[in-house]
Structure formats: C-alpha cells, structure tokens
Amino acid sequence: MTFWIVSFARSGPARYLSHLDTSRVVQRTFARAGVPIALSQGMRPKPRLSLPLPLPVGAAGAGELAVVEVPEGVAMTTDALKALRAASPPGFEPLGIAEVREGHPRPQPLAAEYACLLDGDAGAIVAAVERYNETENAIRERVSPKGTRRLDLKDYAGDVVATSVEGGARLGFTIRYRSDGAARPQELIDLIAEWAEVEPAMRGLERLSIVWDHGLPSPPAGQRKELTT
Amino acid sequence: MKSSGPGFPGLSGDWPPDEIARLLARVTRPGRYAGGEFNTRVKPGARPRIVLSYPDVYEIGVSNPALQILYSQLNDATPASAERAYCPWPDMAGLMRAGDVPLWTLETFSPVGECDLWGFTLPHELCYANVLEMLDLAGVPLHAAERDGEDPIVLGGGPAVANPWPLAPYFDAFFVGEVEGHLEAIVAAMQLDGREKRLQALAAVPGVWAPGRSAGPAQRQIFTGFSDSDPVLRPVVPVLEAVHDRVVIEVMRGCTAGCRFCQAGMWYRPVRERPVDRVVAAADRLLDETGCDEVSLLSLSSCDYGGVAEALTRIRQLRPGLRVSLPSLRIDSAAESLAGFAADQRGSLTLAPEAGTQRLRDAINKGVDEDQFDEAVRATFQGGFTGLKLYFMIGLPGETDDDVRGIARMAGSAARLAREIGRGRARLSVSVSSYVPKAHTPFELEPFAGAETLRRRQQLVRDAAPRGVRVNFHDVAASVVEATLARGGPGTDRLVEEAWRLGAHFDGWSEHFDMRRWEDAAAATGITLGEPTVSAPAWRDAVDARLDEDFFADELARSRDGELTEDCRDGACAACGVCAGEIGMELLA
C-alpha cells in the first residue's frame, strides 16, 4: 500500500465547507486530476482517504493534511501535483505531497494555532480574555446525543492573545490535542463572548499552523519522499 | 474569463466582504452562499450582467439542469456574464434584513439588484412565495410597474410558465418554452441603452410574453437543435452535497407516452433524442470534468430513449465500477431495462403505476396491466434490487373509492412477491400524492378533488395497506395551494403576495409550509382555495403551447370512455398539433 499525505490550504469560499464536504472535494479533485484513489472492499466501495484534523466550518487553514491511499504503481510526480492543483475548486489549494509506505505512522495532531475576529466592544473582549488567562479552571459542558461531558478549557487551550481592531478584537490562541480529545475553537470563543457579553459569532477563523506527530515535517529517514510547489 | 482554480485570496480574513462574512458566521450551512464551485465562470466587466436564479435553497437549485444549460451557454457563447443566486434559507434571510445586506451572487458577491437581467427558472407553484422573497431581499421592487431606471429586468421561464398569471405582475416578461435558440437575441436586447428599449426588444423575441405589453399569447418555443447539440460539458460542480450529486446527461427531450394528467408530457413535445455516440462521449468527458462516479441519463422517460440499452452498456464500460442510473422505469419494459444495470449497483428503484385499477389506468392513458406490474416487481427483486417504491396518485378525474382501494391491493401483491423473492431483504414502500389538474393537459378543466375527499381517500389507503409496507402521503394542504395557483387566472397574484407578506416561504418544505398563512391570504383576497379562479383556460391568453384544443377534447372524451391513445413514436399520430414545419420528432434510427 502507498499513501500520499497531501498538504493543502483552504481559504476563500472553501472555508465554508464542512468536514464531509472537504473530503468530497479531495475525492473529486483526485478524480478530475486523473489520480486514482484506492477503494475499500465490499458491495459499495468507498475511496480510502481521511482528513486527520477536521477544520471547522468557516475556518481557513494554511497547512491542512489529507491522507490518501493510492493504488500500487501510481507515481508521485510533479505532473500529478500540477494536475491536482488545476482540478481544484476555488480556495482549495494542494501544496505538496509526501509519499509513505504502509506501516508509516499516520499524522496525529499535537497542537494548532488559531486566530479569529470577534465583533463587539473591544475593551470588554480584552477584559474577558484577561479573565480567561488568569483563571485556573474554565469548565464548560458539551452536550451531544451521547450525553453531557464536562471539560476544562484550560486543559486544552493555552493563553489567549487579544488585540483591539475596528469593531472588535482579533484573538489568537493555541489548542492542544490530547489522547482524551480537544476543545473546539467555538467553545473557547463562546466562553469569552459570554464573559464579554458580546455575540459569540466569530469570523475569519484561521488555523495558522499545526504541529503534527508523524506528519509533516521531519519524516523518518528513508520511509518517504516529498514533492512541493 | 477567469476560470476556477486555486490561488484564491489568502487567509487575511478580508474575503468575502465583511458585511457578508458577518452573516456567514451566524447561519447554518454558510457554504450555500459562498460559491466556489469547480467550473464557476467569472467575467469581470462583461455586459450585460445576468443573474440566474432558482427559487429554492442552494442544494436544490444547483442541481437544476435548466440553470446549468443557461449558465453554460450565456457565459461561454455570448458576451454576457451570467452569475447565480438561490433563495436564502430563513435564518439567512432574517439576518440579511436585520443587517440591510441585499442578496448577492455566488460568483462575485455583487448585489443581484444591480444586474441588467434577472432570470428565474420557475419549477412549480409552491416556490412562488420564494420569488417574492428573493425580489424583496435583493431590494428590487416587487411589481414590474414600479421598476425603473437601473432596476433589473425580471424574466421568468421554466415549466410553471405554462400558466404565468399568478406571478404576472412581478415579472417584466416570461419566456415560454425552450430558450436555447434565443439567448443571443435576449442578450442583444439587454445591450441596448435604457430600460424601455430593452423591454421593447425583449418583448419582440419569439416566445416572450410581457404582461401588459404583448398583444397576444406567446408561442411556446421548441429547441430544434437538441439532437445535434451536446449536453452541458462544463457543469458547475457543487462543493456542498446537492440533491443530484452525479453526472447528468439529458438523452431525450419530450415524451409522447400521452399520460393525460402529465403536464410535462404535453409541454415538452415533440420527442427529440440525442445520438448514443454523443451521449457516451459526453459521459466520458463529464466524468473527467466533474470527478463524479455516477451517471444519470435524464429525460421524462429514459426507458423510452431509443438508445438506452446501448448507452447503458457503453457508459458502464467507460470506468470500472461506474454506476449508471435512470430517473424512473416504465413498468411495461422494466424487466428488459433492469438487465442493463450492473449487479453491484442494485439498490432501490421506483415504479409508477399511478392508479390502483385497470379502469383508471386506462382513463389516464397509463395503460399497464397487472400482469405487467407483477412481472416488473418480480424482475426487480429477482434482479437483486433490495428496495422498491411504488408511486400512485389519488384524486384523479373519475376516481372512485374502489380505485383507491386498488392501490392497497397492488401494494399487497407487490409485498407478497417481495416476501417470496426478496427473502426478508426486500423493502417495499408506497408513495401517494394528490393529483392537481394542470394547464395545457387534457384534464386542465377537470375539478380538483378537494381536501376533504383527498384526506378521506388517504385514510382508505392507510386502512387497507398491507402490514409492513410503509405508505407516505403528500400534504393535502400543500396540494390545495398548488391546485389554486396551477389554474389561477389574472388576480391570483394577490393571493401569492398576501401569503408572502404573512410569512409564506419555502412552501415545498413541510417544516416551513403553513396553511394558515394561505387561508388568511385567501380570506383577505376573496379567493377560494382549491378552486380555479377562472372558468375558461385563462392561461391561453398568455401562452400558446402549440397543443390543439380539439386534441384535448378528444383525449378527455377517450378518458371518459376508458380508451387508450397510442404513443405516437410507434403508433398513429394523435394530432396533438405540435409537429409542424421544421418541428417534429427526431428519433434514433
């Protein structure tokens, strides 16, 4: 088995795609580019691809990853990368490909750096951010069909940086991914917006960088080769 | 023209415009309003600027084949720039009004209201309130008479234009029929200076009916170049999951099966078929162009397409594992058609007996008998399909309670075959909709069954349905509204506007349809719901569908006598009046 770890950026209109939509865009882009994806077994074969760290709807990402299994013999070439770029919809931009063999560990996220804009009284938002940074615990409840889970945002999100901008504040923060999960950017924004008494509708969310375990960069020697634009 | 591709403005957060980004951050499925599909065309500075709309939510509208044709031809074959806008979901509409942000296009985020021509495809009556909603959200005066200067010219098209009266005051003009052969003339009209000159030139285009301006009805236009043309080869490929997420190839236009209730079967005559070579080549190209893994052969009755078996076989050979589907199967040829499907793509399919007894099927010219039905059901389950949906209508002219109980009897027969052949794996469901008489059909002046009768007959089906078979019914109240508008004459527009002002929108969606708004609107306007507002076919004052009134009278008489009329593609001409001069059937040899 051969896997391609495709790094890509998502911006512009593509930032409004859901996780499933993004998966379908990757699949369709490969098909349009004429690069086959290996299929699963069974009555209804599915393309074997995954996005190891879903990007929230509305978020842009500068260095996202897709792991795609390609059939034996499909060559990772500059032409293939060019074809993927030409076959991509606006705002979806393949940046590079790393080829790894079966057995190579799959990329696991360790942390990601985010930025966003929060509209409202900048002073109130900055004060709420200072309160968050100073507090020891920030407990939130996550309600899902499976039940309610309490999580301490401080376990997953480090200090938040707030800068006043016209009409609100620009926030920067890092989310840590642990074996028991992670906080969602929206959960952090909800808390700050609640404390600042502003609407929790962030915009311009960007995932600026991701730290990967077994991802890009620093490959184990000899197990993979890379192609970038 | 800029083509779609990577390299969109980066991560700075300044795209889309701030006022729109603020809205997108607050709504469900913001991708509906952001565009960004593969094969989107952007033509900066091009004139005229045309916006194409389908009055429903993005996922429905982006799948509409007519809009794909218009978008492709206007952008690729004329100097015009065509962009798109769909109807915002209520959460977005509320925020747009609160923020005073006018409706924008997906391609450039420019206000729709600043275009030269705004074209609507009108698929059915239950989207009429959405047309007013979109005009209002765009800041375009609702009534054509109130528009002037820089306001766009609003043009309606599509099958619902068969009776344009309920929307007449809101449109500057309607195009009646198939527009492919007249796009250049419409674009040329929009290149003139001034609204009045443009309207005059538009009204002179064959097929255009301009309320208050046209002297007589517009003759339905028929695209005579269909068989010699390619289907759309560079379709917009949605990035959100659309209702039709597959390659769609129109293999045939028109249907002459002659079902007497069917407006589309009358409206799109005559039958024109595309050569198999052209269809297969298009499938090959479109698979590359879209990245889809399924091809659907589209027409009103794809089993009647003369090249269906060859096309199915050859298209399946294009890619390993490729799925090929037909929108529906004819019962009398289902067994033969089913053989064209690959064993690994057999899921569920739909058969449409339409009526529960032979007498009523003959009256509507459906013609299939119960032996053919049983054979089709048997072939379905023997062929490995695990799901079967049976589609019926109630409220057909001349229907009796026994005809309705016949639906349950046929469902029972199918259920027995499912148990015998499907061995526990077969699922059977029945869908029962309410018949609404439509303009330009032999039943156009037949009475609508009415809510009370329809509800009682729904209960008859429910009571008699076999155990284990799921039966779905269409909302009778929505059918009552549809029936009012389908044959509404001049003045029915007041009902639409009043209902919209009372909050009607997305009436085709059960979660949004509210009959009280329409009842209140009816009370305010003095219109009786469910009744035609005119006794004579007022639609003929606006639309000449090329269908002979004697043909309708003859078909109605034959219906009452239970006589079948042959399909004219392989039987005698029924003298419907459509074929004349260069217009005629174009069938594969």
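Keep in mind that this is a model prediction, so the values were computed, not measured. (Residues numbered from 1 in each chain as written. Chains lettered and ligands numbered in written order. Predicted model: local features only at pLDDT ≥ 70, side-chain atom pairs only at ≥ 80, totals over all residues.)

Colleague: Looking at this structure, I do not really get the overall build of chain A. What am I missing?
Modeller: Within chain A one finds five helices and eleven strands. Projected onto the principal axes, the alpha-carbon positions of chain A cover approximately 60 × 40 × 35 Å. In chain A, which comprises 229 residues, the proportion classed as buried is 41%. Considering only residue pairs separated by 6 or more positions, chain A has 77% of its internal contacts joining residues 24 or more positions apart. (Helix = DSSP H or I, 4+ residues; strand = E, 2+ residues; numbered from the N terminus. Buried ≥ 20, exposed ≤ 12 C-beta atoms within 10 Å, placed from the backbone. Contact = placed C-beta atoms within 7 Å.)

Colleague: It is not clear to me how the sheet that holds strand β11 (residues 294-298) of chain B should be interpreted in this structure. Could you clarify?
Modeller: Working definition: the strands of a sheet are paired by backbone hydrogen bonds and lie parallel or antiparallel to each other. All names here are of chain B. Across the sheet, which stays open at both edges, the three strands sit in the order β8-β11-β12 with parallel pairing between neighbours. What marks the edges here is a single partner per strand, and that holds for β8 (247-250) and β12 (323-325). For this sheet, the mean inter-axis angle between neighbouring strands, taken without regard to orientation, is 20°. Where β11 meets β12, three bridges bridge the pair, whose relative direction is parallel. Counted as the bridge partner of V295 is V324 from β12. (Pairing = 2+ DSSP bridges. Axes fitted to C-alpha atoms, helices over the stretch in contact; angles between N-to-C directions.)

Colleague: Explanation requested: the interface of chain A and chain B in the structure shown.
Modeller: You'll often see interface size given as the accessible area lost when the parts meet. Across the boundary between the two partners, chain A contributes 33 residues, which contact 32 residues of chain B. Here the element with the most residues in the side of chain A that touches chain B is helix α1 (residues 19-33) of chain A; it accounts for six residues. Its residues assigned to classes, the side of chain A that touches chain B comprises 18 nonpolar, seven polar and eight charged. (Nonpolar A, V, L, I, M, F, W, Y, C, P; charged D, E, K, R; others polar.)

Colleague: Help me out: how do you make sense of the confidence of the model for chain B in this one?
Modeller: Close inspection of predicted coordinates is inappropriate for parts of the model with low pLDDT. Residues and elements named next belong to chain B. When the pLDDT values of chain B are averaged, the result is 93; 96% of them are 70 or greater. Between residues 3-13, whose pLDDT stays under 50, and residues either more than four places distant or in other chains, the model counts 27 contacts. Model confidence for the complex is summarised by a pTM of 0.93, with the ipTM given as 0.89. (pLDDT = per-residue confidence, 0-100.)

Colleague: Explain the nonpolar core to me, please; I cannot follow it from the model alone.
Modeller: Here is a general trend for soluble globular proteins: nonpolar side chains tend to be buried in one another's company. By size, the foremost hydrophobic cluster in this structure holds 251 residues, and its most contacted members are A:L118, A:I125, A:I192, B:I249, B:A283, B:L388 and B:A414. Broken down by element, this core gets its largest block of residues, nine residues, from helix α14 (residues 401-422) of chain B. Not counting residues within four places of it along the chain, the set of residues in contact with A:I192 comprises A:I125, A:A128, A:V129, A:Y132 and A:V160. (Core = buried A, V, L, I, M, F, W, Y, C linked by C-beta atoms within 7 Å.)

Colleague: Looking at this model, I keep getting lost on the pairing of strand β9 (residues 168-176) of chain A. Mind explaining?
Modeller: Consecutive residues of a regular strand have side chains that alternate between opposite faces of the sheet. Residues and elements named next belong to chain A. In the sheet, strand β5 (residues 108-119) pairs with β9 via nine bridges, with the strands oriented antiparallel. Across the sheet, the residue bridging to C116 is L171, located in β9. Sheet topology places strand β8 (residues 161-165) next to β9; five bridges connect them, and they run antiparallel. Among the inter-strand pairings, V161 is bridged to a residue of β9, identified as G172.

Colleague: When you look at the pairing of strand β1 (residues 2-10) of chain A in this model, what are you seeing that I'm missing?
Modeller: All names here are of chain A. Most of β1 is tucked away: eight of the nine residues are buried. Across nine bridges, the pairing between β1 and strand β4 (residues 92-101) is antiparallel. Bridged to I5 within β4 is A98. Judged from the eight bridges that link them, β1 and strand β3 (residues 60-70) form a sheet pairing that is antiparallel. Looking at β3, one finds that F8 is bridged to E64.

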